[in-house]
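A structural walkthrough
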Amino acid sequence: MRIAAIDIGTNSVHMIVVRVRPDLSFEVIDREKAMVRLGAGGLDGKELTSEAMGAALQALSKFKRLAESHTVDKILAAATSATREARNGGEFLARIEAETGIRPKVITGAEEARLIHLAAVYGVDVGSARAVVIDIGGGSTEITLGTGTSVQAAKSFKIGVIRLTERFVKSDPLSGRDEQKLTKHILSEIDRHCEQITNTGFDRVIGTSGTILSIGTVATAMSEGGIPSELRNLRVGAKQIRRLRKEVVALSLAQRLTIPGLDPRRADLVVGGGVLLHTILRRLGAEDITLCDLALREGLVIDYIRRNKRQIAQVDRIPDVRRRSTIELAERCNY
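This text gives an overview of the structure that appears in the document. A quick note: this is a predicted structure, and the numbers were derived from the prediction, not measured. Residue numbers run consecutively from 1 along every chain, following the written order of its sequence. Per-residue local features of the predicted model are confined to residues with pLDDT of at least 70, and side-chain atom pairs are confined, for both listing and counting, to 80 or more; whole-chain, interface and lining totals are unaffected and use all residues. Water and hydrogen atoms play no part in the side-chain values, which are based on all heavy atoms of the structure.

1. Side note on the packing of helix α7 (residues 210-224) against helix α8 (residues 238-250)
Basically, it comes down to this: Axes here mean lines fitted to C-alpha atoms, for a helix over just the part in contact, with angles spanning 0 to 180 degrees between N-to-C directions. Helix numbering and strand numbering both begin at the N terminus, where a helix is a DSSP run of H or I of at least 4 residues and a strand a DSSP run of E of at least 2. Note on angle classes: values under 35 degrees are labelled roughly parallel, values over 145 roughly antiparallel, values of 65 to 115 roughly perpendicular, and the remainder oblique. Here, two residues are considered to be in contact whenever any of their heavy atoms come within 4.5 Å of each other. Three classes are used: nonpolar for Ala, Val, Leu, Ile, Met, Phe, Trp, Tyr, Cys and Pro, charged for Asp, Glu, Lys and Arg, and polar for all others, with Gly counted as polar.
Following both chains from N to C, one finds α7 and α8 inclined at 95°, their axes separated by 9 Å at the closest point. Compared by their axis directions, α7 and α8 come out roughly perpendicular. Counting all contacts with α7, which are made through I215, V218, A219, T220, M222 and S223, the residues of α8 involved are Q240, I241, R243, L244 and E247. Along the lines of polarity and charge, the residues of the contact of α7 with α8 split into six nonpolar, three polar and two charged.

This is the structure in structure tokens:
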């Protein structure tokens, strides 16, 4: 069986196409990404801009054609904070279905956190250890605690990098006063949840999402003098993240654009992202963070596989769609 999974995020739109193996594991056979900044100017109950929606729809149309070229059996799509908060989020979803045929599901912050945790512990084998998973998106940040088989605590906070940058990053370079305001706001949001996690205890911290992968890449390049070739399972020290925070806060946008390993499209967000990640790690008392390149889209796939084992086996047994549909109808009628 082949599945396409799409994450309609606040900053980027991602898709992976996977082939589900007979043992119900999966392999990614294609992937696509577009940074559309869907939530720029449209968070906190405002409207998504026509420009952002147009860029997202263009990307999704391309994704649909790619999925069809792989003859996928199922397209899963989830929309997150930008869409669920926008006044015209319903209109945007209707346009997606009308123009692309994709039917996204708006998921809650708690569900987003749960799915991200599934993906992170699938990508980084934690065994029976307790892991904290952090995902920094454009509109929200998810922090979970759990093992490889269960999630004990999962929460989503409205402190994504686009949201924080629009609200607090008012100067370039960032002023000390604005940095203090930003840090204070982050701590006010996460403090109670992080206290519960530290009281319970954890063995490691895993970081997903483009923001964290970008920060981890740059922090490693700063300390080791070279850009890492492989990110999954790469451990980055909290001290390295602190150094990155101090450096990017002191630089102007023009200077940040020259940082080795930093995607130029993230140069305006890396200040808010660096302060956010370092503040979370410091509040948790974590010594390092392990990078993972699996996130919400992989979580959608894992969750679907776990819920539809019988249907997946049927697809593998009867590849022809019409024949399979006929047999499924007959089974529902107890033939």
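2. With respect to the environment of D191
Applied cut-off: Polar contacts, as counted here, are pairs of nitrogen or oxygen atoms within 3.5 Å of one another; within protein the pair requires one atom able to donate a hydrogen and one able to accept it, and residues that are adjacent in sequence qualify only if both atoms are side-chain atoms.
Among the structural elements, D191 can be located in helix α6 (residues 176-200). Separated by 93 residues in sequence, D191 and L284 have C-alpha atoms that sit 9.2 Å apart. A distance of 2.7 Å separates the side chain of D191 from the side chain of R283, its partner in a polar contact.

3. Let's talk about the sheet that holds strand β8 (residues 151-157)
How we decide: A strand pair is defined by DSSP finding two or more bridges across the two strands.
Here six strands make up an open sheet; going across it, the order is β8-β7-β6-β9-β11-β10 and the pairing mixed. Both outer strands of the open sheet, β8 and β10 (235-237), are each paired with one neighbouring strand and no more. Geometrically, the sheet is characterised by an average inter-axis angle of 25° between neighbouring strands, direction not taken into account.

4. Quick look at unusual backbone geometry
As a rule of thumb, non-glycine residues mostly have phi less than zero, and peptide bonds are mostly trans rather than cis. Defined as follows: Exposure categories follow from relative accessible area, calculated using a 1.4 Å probe and restricted to protein chains: below 20% of the type maximum is buried, above 50% is exposed, and the middle band is partly exposed.
The residue after D172, namely P173, is reached through a cis peptide bond having omega 0°. Its place among the elements puts P173 in the loop between α5 (161-168) and α6. Although it is not a glycine, L24 sits at a positive phi angle of roughly 75°. Within the fold, L24 resides in the loop between β2 (12-20) and β3 (26-35). By relative accessible area, L24 is classed as partly exposed at 27%. A positive phi is found at R37, a non-glycine position, where the angle reads about 50°.

5. As for the side chain of R297
Of note, R297 is situated in helix α11 (residues 296-307). With a relative accessible area of 10%, R297 lands in the buried category. Filtering out sequence-adjacent residues up to four positions away, R297 remains in contact with A5, D7, H14, I16 and R31.

6. Focus on the sheet that holds β3
Sheet strands associate in pairs through backbone hydrogen bonding, adopting either a parallel or an antiparallel arrangement. Strands sit in the order β3-β2-β1-β4-β5 across an open sheet of five strands; the sheet is mixed. Each end of this open sheet is capped by a strand with a single partner; those strands are β3 and β5 (105-106). Looking at chain direction, strand β1 (residues 2-8) and β2 are connected through seven bridges and run antiparallel. Among the inter-strand pairings, I3 is bridged to a residue of β2, identified as V18. In the packing of α11 onto the sheet, the strands contacted are β1, β2, β3 and β4 (74-79), and the crossing angle to β1 comes to about 135°.

7. What about the pattern of salt bridges?
Where charged atoms from two side chains of opposite charge come close, those side chains can pair. So the rule is basically this: Any carboxyl oxygen of Asp or Glu within 4 Å of a side-chain nitrogen of Lys or Arg constitutes a salt bridge here.
Applying the stated criterion across every chain, the model contains 21 salt bridges. Across the pair E112 and R84 runs a salt bridge whose closest N-O atoms are separated by 3.2 Å. Of this pair, E112 sits in helix α4 (residues 109-123) while R84 sits in helix α2 (residues 81-85), placing them 28 residues apart in sequence. Its relative accessible area of 6% is what places E112 among the buried residues. The partner of R235 in a salt bridge is D288, with the nearest N and O atoms 3.6 Å apart. Remark: D288 occurs in strand β11 (residues 288-291) and R235 occurs in strand β10; sequence separation between them is 53 residues. With a relative accessible area of 22%, D288 lands in the partly exposed category.

8. What to know about the layout of surface pockets
The following threshold applies: A cavity here means a set of 1 Å grid points, computed over protein atoms only, where a 1.4 Å probe fits but cannot escape. A pocket is an open set with protein on both sides within 12 Å along at least 5 of 7 lines, and lining residues have an atom within 4 Å of a point. Grid points are joined across faces, edges and corners, and a volume is the space filled by probe spheres set on the points.
Approximately 620 Å³ is the volume attributed to the largest pocket. Around the largest pocket, the lining is made up of 37 residues, and of these H14, S209, G210, R266 and R297 lie nearest the centre. Those elements that place two or more of their residues in the lining of the largest pocket are β2, β3, α4, β6 (131-136), α7 and α11. Looking at which element gives the most residues to the lining of the largest pocket, the answer is α7, with five residues. Among the residues making up the lining of the largest pocket, the classes are represented as 10 nonpolar, 16 polar and 11 charged. Put simply, the second largest pocket is a space of about 380 Å³. Here the residues of the lining of the second largest pocket sort into nine nonpolar, two polar and seven charged.

9. Re helix α12 (residues 309-317)
Convention followed: This arc is built from the directions going out from the helix axis to the C-beta atoms.
Every buried residue of α12 is listed here: I312, Q314 and V315. The arc enclosing the buried residues of α12, seen along the axis, measures out at 155°, which places them on a common side. With respect to the buried face of α12, the exposed residues turned more than 90 degrees away are R310 and R317. Taken together, the buried residues of α12 touch β2, α11 and α13 (321-332).

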